[in-house]
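The residues making up each chain are set out below.
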Amino acid sequence: MSTEHAMEPTSEEPPAEEAQSQVSGAEIVLEDVVKQYPGQASPAVESLSLTIPAGEIVMFVGPSGCGKTTSLKMINRLIEPTSGTIRIDGEDARGQSENALRRKIGYVIQGGSLFPHLTVAKNIAIVPKLLGWDTRRVQERIDELLDLVGLEPAKYRDRYPRELSGGQQQRVGVARGLAADPPVLLMDEPFGAVDPITRQRLQDELLSIQRELRKTIVCVTHDIDEAIKLGDRILILKEGARIAQYDSPEAVLGAPADEFVEDFVGSGSSLKQLSLVRVSEVELHRPVTATVGEKVGDVRRRAEAAGERSVVVLDSRGRPVSWPWLRQLKGDSVVEPADELITIDQRATLNDALDTMLSSSHGGAVVTGDRDQYLGVVVFDAVTDHIRSLEEQADE
Amino acid sequence: MWDFIVERREQIAYNTFQHFNLVVQAVLVATLIAVVLAVLVVGAPRLQGVANAISAIGLTIPSFALVGLLLPVFSIGAFTAFLAVAFYAVLPVLRNAVVGLQQVDPTLVESARGMGMSRLAVLWRIRLPLAWPVILAGVRISMQMSMGVAAIAAYVRGPGLGDYIFRGLASIGGANAVNYALVGTLGVVVVALIADALLLLLGRVTVPRGIRA
């Protein structure tokens, strides 16, 4: 699967030429796909036809038992369709052995599903080794991926899954799914097993990774908010995997196709609009920054000159590590604190930003970009200003 | 007693080693058979009841009786003793291997299949390693049990320490009767302890840190 392949226009969907990074994903086309289990009156999937454009995140949502997971698992043939065809990058999924097919499709499930008897490195190395990569290339890839998902390779490479937190396990799960650089990533309720704050961070990280890699990601969730946040498109399914609506999050919220979608999206959908606006669209405040190891005196002087009462501390690689008030700066030089700073990614929604701000003593949240690089701070006033301007636009 | 041992030290050492050797070989072969059976049984849920019943009934057969049954078919000698020991040794390993394989989280298996591992690779690299601590616990039980069975198997002129016990029993009241019985019994206990220690060590080496209790 090469990048050129994915760029070839295989359907009416034009390739995203203007995208800032190259699409490495492949288009997936489902045609009249049916799954009928023997002994069941109605099929689990009742003729599903669908095009998933290369390089996009498509979220499958719907009530439990609607066939969304079945549909997902038919893409990598963990479940064999009764009839119909599935083409990935123009190739029939049934035209090759199931193992060969699956090695080209990343698969991430709830909790990461890491193998407990293997170290983090060995978990990630599974598919590259199945594909016969040499040891050096595998080792380099492991470090690269751990870095990508925000885990320091030297520290985490040789750990066992049970020595990691739930969020870290899930990150390794994503790294393992991406290990052999597959054009397609299938995710089944990937963030279902972690607490809300960790879930939000993992979602942010996925968006940040996707900004870099531009894979085709198909993700099943039961959480409409997650679908709105992550999806370029949302597929809302009724029982039997009948399509209720397949559209952008904006359209699903703004113009629900029918009552079913309306009910599913739920009330408070104007509040859900907050999930459509990304932090990157709001003006960021840029307070004085300090680097770990800098003299406290210098930092204090700089902040006071700028009229600030707090500073954002960055580590040597430009990642924010703390956000202390000036009076909290003690000792000679700025040190890295023990507790982790809760930051939000620039692709996070205003909904997430408000959540994070409410738990911060600063009434704001530190915003990061690719690989956790510091971008600035989002504050309440900026959010309310932005909402007001949106309302004004809507009124006009 | 001491003189008794010193006089026969070479003979005793040889028999002790033979006892150890018989049991280890029988348990090794039994473990292989049991794991293969367990894989088949776990793959076919209908066989599970049968397997459980066989291992439960099998353990109720007195070993003396089994040796008696094998005798007309395989005649006297080490091979018959080996068969008797191996027969019992299979049962605890089989039971534990079935439980161990059943305990493997099905989502892990699906995850492995979803990554493109073949069924055999999933068995070899995921299911068996994850079941290994439980299988090994079965091997330890099996090894302990087999030490006693091997002593009985000496009745058919099998190798090992059982011979001393029978000689002691046969000459009750005579000179050295108690000595024979004691040396045989204590020897079996010592060999059993050594074997168990070795299995513990094997567990240390072969069970990955990630799933060690």
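Residues numbered from 1 in each chain as written. Chains lettered and ligands numbered in written order. Predicted model: local features only at pLDDT ≥ 70, side-chain atom pairs only at ≥ 80, totals over all residues.

**Observations regarding the interface of chain A and chain B**
With 18 residues of chain A at the interface, the matching set in chain B holds 17 residues. When residues of the side of chain A that touches chain B are traced back to their parent elements, those giving at least two are α3 (98-102), β6 (105-109) and α4 (120-130) of chain A. Element by element, the count of residues in the side of chain A that touches chain B is highest for α4(A), at three residues. Across the side of chain A that touches chain B, the residue classes break down as eleven nonpolar, four polar and three charged. (Contact = placed C-beta atoms within 7 Å. Helix = DSSP H or I, 4+ residues; strand = E, 2+ residues; numbered from the N terminus. Nonpolar A, V, L, I, M, F, W, Y, C, P; charged D, E, K, R; others polar.)

**With respect to the sheet that holds strand β12 (residues 312-314) of chain A**
All names here are of chain A. One open sheet accounts for three strands, arranged β11-β12-β13; its pairing is mixed. In this open sheet, the two edge strands, each paired with only one partner strand, are β11 (289-291) and β13 (320-322). Strand after strand, the sheet turns through a mean of 45° between neighbouring axes, direction not considered. (Pairing = 2+ DSSP bridges. Axes fitted to C-alpha atoms, helices over the stretch in contact; angles between N-to-C directions.)

**A few points about the pairing of strand β16 (residues 374-379) of chain A**
All names here are of chain A. With respect to burial, β16 is a largely interior element, six of its six residues being buried. When strand β15 (residues 364-368) meets β16, the two strands line up antiparallel, connected through five bridges. If you follow Val367 over to β16, its bridge partner there is Gly376. Hairpin geometry of β15 and β16 is characterised by an intervening segment of five residues between the two adjacent antiparallel strands and by a positive phi of about 50° at Arg371. (Buried ≥ 20, exposed ≤ 12 C-beta atoms within 10 Å, placed from the backbone.)

**Details of helix α8 (residues 196-213) of chain A**
Residues and elements named next belong to chain A. Here α8 spans 25 Å end to end across 18 residues, near enough to the 26 Å set by a 1.5 Å rise per residue. Listed in full, the buried residues belonging to α8 are Arg199, Gln200, Arg201, Leu202, Gln203, Asp204, Glu205, Leu206, Ser208, Ile209 and Gln210. Just downstream of α8 lies Arg214, where phi reads positive at about 50°. (Expected span 1.5 Å × (residues − 1).)

**Looking at the pairing of strand β8 (residues 216-220) of chain A**
All names here are of chain A. Burial within β8 is extensive, with five of its five residues counted as buried. Side chains Thr216, Val218 and Val220 project from β8 onto one buried face, and the interleaved Ile217 and Cys219 project onto a second face that is buried too. Where strand β3 (residues 57-61) lies against β8, four bridges are found, and the strand directions are parallel. Directly across from Met59, in β8, lies its bridge partner Cys219. In this sheet, β8 lies alongside strand β7 (residues 184-188) in parallel orientation, the contact comprising five bridges. Looking at the pairing, Asp188 lines up with Val220 of β8. For the handedness criterion, the β-α-β arrangement of β7, α8 and β8 is classed as right-handed. (Right-handed = clockwise from strand over helix to strand, strands pointing away.)

**Some points on the sheet that holds β16(A)**
Residues and elements named next belong to chain A. Strand order in this open sheet of three strands is β14-β15-β16, and the pairing throughout is mixed. What marks the edges here is a single partner per strand, and that holds for β14 (343-345) and β16. Each strand of the sheet is rotated relative to its neighbour by a mean of 40°, with strand direction disregarded. Where β14 and β15 come together, three bridges link them in parallel fashion.

**Quick look at the environment of Gly363(A)**
Residues and elements named next belong to chain A. The residue Gly363 is located in the loop between α14 (350-358) and β15 in this model. Taking the C-alpha atoms as reference, Gly363 lies 26 Å from Arg317; in sequence the two are 46 residues apart. In contact with Gly363, not counting residues within four places along its chain, are Met357, Val379 and Phe380.

**What to know about the domain arrangement of chain A**
Residue and element names in this part refer to chain A. Looking at the assigned domains, one finds that chain A contains domain 1 (3-104 + 182-268) and domain 2 (280-391). Just the C-alpha atoms count here: the centres of domain 1 and domain 2 sit 35 Å apart. Classifying every residue of the side of domain 1 that touches domain 2 by side-chain character gives two nonpolar, two polar and five charged. (Domains from an automatic or database assignment.)

**Structural notes on the packing of α4(A) against helix α7 (residues 166-177) of chain A**
Residue and element names in this part refer to chain A. Close contact between α4 and α7 brings their axes to 8 Å; oriented N to C, the two are set at 30°. When the axes of α4 and α7 are compared, the pair comes out roughly parallel. For α4 against α7, the interelement crossing comes out right-handed. On α7, the residues touching Val120, Asn123, Ile124 and Ile126 of α4 are Val172, Ala175 and Arg176. Taken together, the residues of the contact of α4 with α7 break down into five nonpolar, one polar and one charged. (Parallel < 35°, antiparallel > 145°, perpendicular 65-115°, else oblique. Left-handed = near helix turned anticlockwise from the far one by under 90°.)

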